[in-house]
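Per-entry structural report
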Amino acid sequence: MNTAEQLTPEQLDATRPQGAEMLRIQDLHAFYGESHILHGVDFDVKRGELVTLLGRNGSGRSTTLKSIMNMVGRRTGSIMVNGNETLGMKPHHIPRLGIGYCPEERGIFASLDVHENLLLPPTVRSDGMTLDEIYTMFPNLYERRRSQGTRLSGGEQQMLAMARILRTGARILLLDEITEGLAPVIVQKLGEVLMMLKERGMTIVLVEQNFRFAAPLADRHFVMDHGQIVEEITAAQLPSRREHLNTMLGV
Ligand SMILES: Nc1ncnc2c1ncn2[C@@H]1O[C@H](COP(=O)(O)OP(=O)(O)O)[C@@H](O)[C@H]1O
Ligand SMILES: [Mg+2]
């Protein structure tokens, strides 16, 4: 039974208690054509948690996020989103469970202005952020609301990519390398935005190379290597395992 088509995301959400698993991935294998990329990924994310997926380039972090959105080739295993098995769901049904994906390449439409880009994705819940709230959180987007996608700086594009999924009402955010290539002042602003989103109870999966950015925000870290999770480190364990982590990440 595909419950996602029968219940609204609010109804689905209401059945999930505090501390419930918003995301549970078990024995996930993913393939691009004949290439076997993920080899049994297991992790869970509880409501309101911010977790990171760390790892060297090519370890499978982006593929994990894309697999959750059903944007790779074949997948096996289990991906529970908000209590629903999504492995058999079509890609366009998955955002309706209240999950928003911010891809590494940001996906801003060059020919549309900021305002039009914001309005593009359909809302999935009635309690998403309003345009007023979004423009308050990102004042620079308000100033640039009539600017075309092509004319935005990298930082503005990233803010827009994030803002766009907040309007949909997504409560689980999958964010892929949002700080990549951005100036320190923009990175700091993104950190403030993530703190605000955490305070609003959002559940966040952050793929991040900039560990100094991610460390103070995260509740738990998952380290990936060769398409598997090889380590879980809680925020509390981090100080004593920092050196070990640096070795694993090769930094
Ligand atoms: N579209 C694709 N087709 C084939 N192989 C891919 C594709 N995208 C990524 N890969 C391969 O999958 C592996 C994991 O990539 P990716 O998930 O992007 O890693 P990460 O995000 O951790 O850097 C890499 O070996 C990469 O070359
Ligand atoms: Mg990647």
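Coordinates for the structure precede this section.
Definitions and limits used
- Residues numbered from 1 in each chain as written.
- Chains lettered and ligands numbered in written order.
- Predicted model: local features only at pLDDT ≥ 70, side-chain atom pairs only at ≥ 80, totals over all residues.
- Heavy atoms only, no water.
- Helix = DSSP H or I, 4+ residues; strand = E, 2+ residues; numbered from the N terminus.
- Buried < 20%, exposed > 50% of the residue type's maximum accessible area, 1.4 Å probe, protein only.
- Contact = heavy atoms within 4.5 Å.
- Axes fitted to C-alpha atoms, helices over the stretch in contact; angles between N-to-C directions.
- Parallel < 35°, antiparallel > 145°, perpendicular 65-115°, else oblique.
- Nonpolar A, V, L, I, M, F, W, Y, C, P; charged D, E, K, R; others polar.
- Expected span 1.5 Å × (residues − 1).
- Arc of directions from axis to C-beta.
- 1 Å grid on protein atoms, 1.4 Å probe; cavity = no way out; pocket = protein on both sides within 12 Å on 5 of 7 lines; lining within 4 Å.
- Points joined across faces, edges and corners; volume = space filled by probe spheres on them.

**Brief notes about the environment of F43**
Within the element layout of this structure, F43 appears in strand β2 (residues 35-46). Owing to a relative accessible area of 4%, F43 belongs among the buried residues under this scheme. It is 7.6 Å that separates the C-alpha atoms of F43 and I229, two residues lying 186 residues apart in sequence. Here F43 is in contact with L23, R24, I25, L53, T64, F222 and I229, once residues within four sequence places are set aside.

**Describing the packing of helix α6 (residues 154-167) against helix α7 (residues 184-199)**
At a minimum axis distance of 10 Å, the contact between α6 and α7 shows a crossing angle of 10°. Classified by the angle their axes make, α6 and α7 are roughly parallel. Together, G155, Q158, M159, M162 and L166 of α6 and I186, K189, L190, V193, L194 and L197 of α7 make up the contact between the two elements. Class assignment for the residues of the contact of α6 with α7 results in eight nonpolar, two polar and one charged.

**Digging into α7**
Three- or four-residue spacings in an α-helix give side chains the same orientation, since the helix completes a turn every 3.6 residues. Given a rise of 1.5 Å per residue, 16 residues ought to cover 22 Å, and the 23 Å separating the end C-alpha atoms of α7 matches this to within 8%. Among all positions of α7, only V187, L190, G191, V193, L194 and L197 are buried. Considered in projection along α7, the buried side chains sweep an arc of 165° and stay on one side of the axis. With respect to the buried face of α7, the exposed residues turned more than 90 degrees away are P184, V185, Q188 and E199. Buried residues in α7 make contact with β3 (50-55), α4 (131-137), α6, β7 (172-176), β8 (203-207) and α8 (211-214). Trailing α7 by a residue or two, G201 shows a phi angle of about 90°, which is positive.

**A short note on the layout of surface pockets**
The space that makes up the largest pocket amounts to roughly 540 Å³. Lining the largest pocket are 22 residues, with P95, Y101, P121, P122 and I165 positioned closest to its centre. Those elements that place two or more of their residues in the lining of the largest pocket are β6 (99-102) and α6. Per-element tally for the lining of the largest pocket: the top contributor is β6, with four residues. The residue makeup of the lining of the largest pocket, split by class, is 15 nonpolar, four polar and three charged. Space inside the second largest pocket adds up to approximately 180 Å³. As for the second largest pocket, its lining consists of V187, Q188, G191, E192, N210, R212, F213, P216 and L217. Within the residue set of the lining of the second largest pocket, elements represented by two or more residues are α7 and α8. Taken together, the residues of the lining of the second largest pocket break down into four nonpolar, three polar and two charged.

Any functional reading would require information that these geometric values do not contain.
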